[in-house]
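# An overview of the molecular structure
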Amino acid sequence: MIMKFLQLLVVSLSLTVSLYAQKQHRDLNVYFDTAIYELNEEEQQKIKSFITALGKEQIHEITLYGYTDDRGSDKYNMNLSINRAKNVKKHLLALGIDEAAFKVVKGKGEVVIRKFDQVETDIIRGLNRKVTIDITTGIPKPKVDETLIENKIVEPINIGDVYVLENIHFQEGYAWITEKSFPHLRKLAQILKDRPDIYIEILGHVCCTRYGRDAIDRKTKKQNLSTARAKAIYMYLRRKGIPKNRMRYKGMRHTQPLGKGAEYDRRVEIVVKNIIKDRRFHGSYN
């Protein structure tokens, strides 16, 4: 039970990483003069350039925290830090940011510092009179050409044809299919449904191992990654309704490098083994 729980936890964490990989945090500090909560023109321009570079359409959430230096009463500094955060929000709204994007707009009050000589203390105080702008942005999903597979697997289809499934990707070191691969796999499944007479073999390949060895699957710690990846495609097609008697899978390890670089050797291929009606092709099945 403990081992099963740990496996589920690993999968859960992997899904969490996958989801949050679609977002990233960008931050910027803007600074204020002593006892002032209005931004000067230079800091306003800094914010404008920052937002322009990010792209407003990519902004999901904004967190603003205002700070002051250590001079002044606690109450005064708290109010000043709040006003600084609100002032930055005002400028962001003027740049066209949606009000709903602001998750937190808050003052933190003063930042306590150690006492240095007067020059160092003045520098540090200047750095503490600020608002931190933390922006969560979305990473644009790559545009996937969903017609690629159906443009490759076209008539006439013959026994022995080999189709390299570009845009079928796995998490590095694992047999987990990445999200951007699924449009292509859906196309492949539909092609196989439309042509029930086609029988295929799914071949997994890996790169960068010596002497034709297979790579290690980081999930299972077994040296069978090419087989595990081929099986992942097989299982996906099974879930889409392709009968198991029409498919088999095989790991080719690193026995067939293409000589064009690692990204080309790390691939999955579909081989047309037979085109027959109401009969299974010979060979063992997995």
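Check the entry above for the structure.
Figured I'd write up the structure that's included with this text. All chains use their own residue numbering, which begins from 1 and follows the written sequence. It should be noted that, the model being predicted, local features are given only for residues of pLDDT at least 70 and side-chain atom pairs only at 80 or more, the latter also being counted only at that level, while totals for whole chains, interfaces and linings use all residues. Only heavy atoms go into the side-chain values, all of them from the structure, while hydrogens and water stay out.

## A look at the layout of surface pockets
To keep things clear, this is the line we draw: Detection works on a 1 Å grid of protein atoms alone, calling trapped sets that fit a 1.4 Å probe cavities and calling open sets with protein on both sides within 12 Å along at least five of seven lines pockets, with lining residues defined by an atom within 4 Å of a point. Grid points are joined across faces, edges and corners, and a volume is the space filled by probe spheres set on the points. Under the grouping applied here, Gly and all other residues not named as nonpolar or charged are polar, the nonpolar ones being Ala, Val, Leu, Ile, Met, Phe, Trp, Tyr, Cys and Pro and the charged ones Asp, Glu, Lys and Arg.
The calculated volume of the second largest pocket comes to roughly 380 Å³. If you trace the second largest pocket, you find 16 residues lining it, with His 169, Glu 263, Tyr 264, Arg 266 and Arg 267 closest to the centre. Partitioning the lining of the second largest pocket into residue classes produces six nonpolar, three polar and seven charged.

## Things to note about the packing of helix α6 (residues 182-194) against helix α7 (residues 225-239)
Inclusion rule: Angles here are taken between N-to-C directions and fall from 0 to 180 degrees, while the axes themselves are lines fitted to C-alpha atoms, restricted in helices to the stretch in contact. Strands are runs of DSSP state E lasting at least two residues, helices are runs of H or I lasting at least four, and both sets are numbered from the N terminus onward. Roughly parallel means an angle under 35 degrees; roughly antiparallel means over 145; roughly perpendicular covers 65 to 115; every other angle is labelled oblique. Working rule for handedness: look at the near helix, and if it is turned counterclockwise from the far one by less than a right angle, call the crossing left-handed; if clockwise, right-handed. By definition, residues are in contact when any of their heavy atoms lie within 4.5 Å.
Where α6 contacts α7, the two axes come as close as 10 Å, and the packing angle between them is 60°. When the interaxial angle is binned, α6 and α7 end up oblique. α6 and α7 meet at a crossing whose hand is right-handed. From α6, Phe 182, Leu 185, Arg 186, Leu 188, Ala 189 and Leu 192 reach across to α7, where they touch Ile 233, Tyr 236 and Leu 237. Considering only residue class, the contact of α6 with α7 consists of eight nonpolar, no polar and one charged.

## Describing the sheet that holds strand β8 (residues 268-275)
Threshold: By definition, two strands form a pair when at least two bridges between them are found by DSSP.
Pairing within the open sheet is mixed, and its four strands lie in the order β5-β8-β6-β7. Looking at which strands have only one partner, the edges of the open sheet turn out to be β5 (162-164) and β7 (247-251). Along the sheet, successive strands turn relative to each other by an average axial angle of 25°, direction set aside. By the bridge criterion, three bridges tie β5 to β8 in an arrangement that is antiparallel.

## Regarding the environment of Gln 44
In plain terms, the rule: In this scheme, a residue with accessible area under 20% of its type's maximum is buried, one over 50% is exposed, and one in between is partly exposed, where area comes from a 1.4 Å probe on protein chains only.
Here Gln 44 shows up in helix α2 (residues 41-54). We classify Gln 44 as partly exposed; its relative accessible area is 30%. Through-space distance from the C-alpha of Gln 44 to that of Val 30 is 8.4 Å; in sequence the pair is 14 residues apart.

## Quick look at the pairing of strand β2 (residues 59-68)
Note the cut-off: We call a crossover right-handed when, viewed with both strands directed away from the observer, the connection leading from the first strand over the helix to the second proceeds clockwise.
Of all ten residues making up β2, seven are buried, and the element is well covered by its neighbours. When β2 meets strand β4 (residues 130-138), the two strands line up antiparallel, connected through seven bridges. From the neighbouring strand, Gly 66 faces β4, where its bridge partner is Val 131. When β2 meets strand β3 (residues 102-110), the two strands line up parallel, connected through six bridges. Counterpart to Tyr 65 in the pairing with β3 is Lys 106. In this fold, the crossover linking β2 to β3 by way of helix α3 (residues 74-94) has right-handed handedness.

## Observations regarding the environment of Glu 201
This is how the line gets drawn: Each polar contact in these results corresponds to two N or O atoms within 3.5 Å; when the atoms are within protein, one needs to be able to donate a hydrogen and the other to accept it, and residues that are neighboring in sequence are counted only if both atoms are side-chain atoms.
With respect to the helices and strands, Glu 201 occurs in strand β6 (residues 198-204). Using a relative accessible area of 10% as the deciding quantity, one classes Glu 201 as buried. For the pair Glu 201 and Arg 248, spaced 47 residues apart in sequence, the C-alpha separation works out to 4.9 Å. Look past the residues within four positions of Glu 201 in its chain and what remains in contact with it is Arg 248, Lys 250, Glu 269, Ile 270, Val 271 and Lys 273. Of the polar contacts made by the side chain of Glu 201, one reaches the side chain of Arg 248; its length is 3.2 Å.

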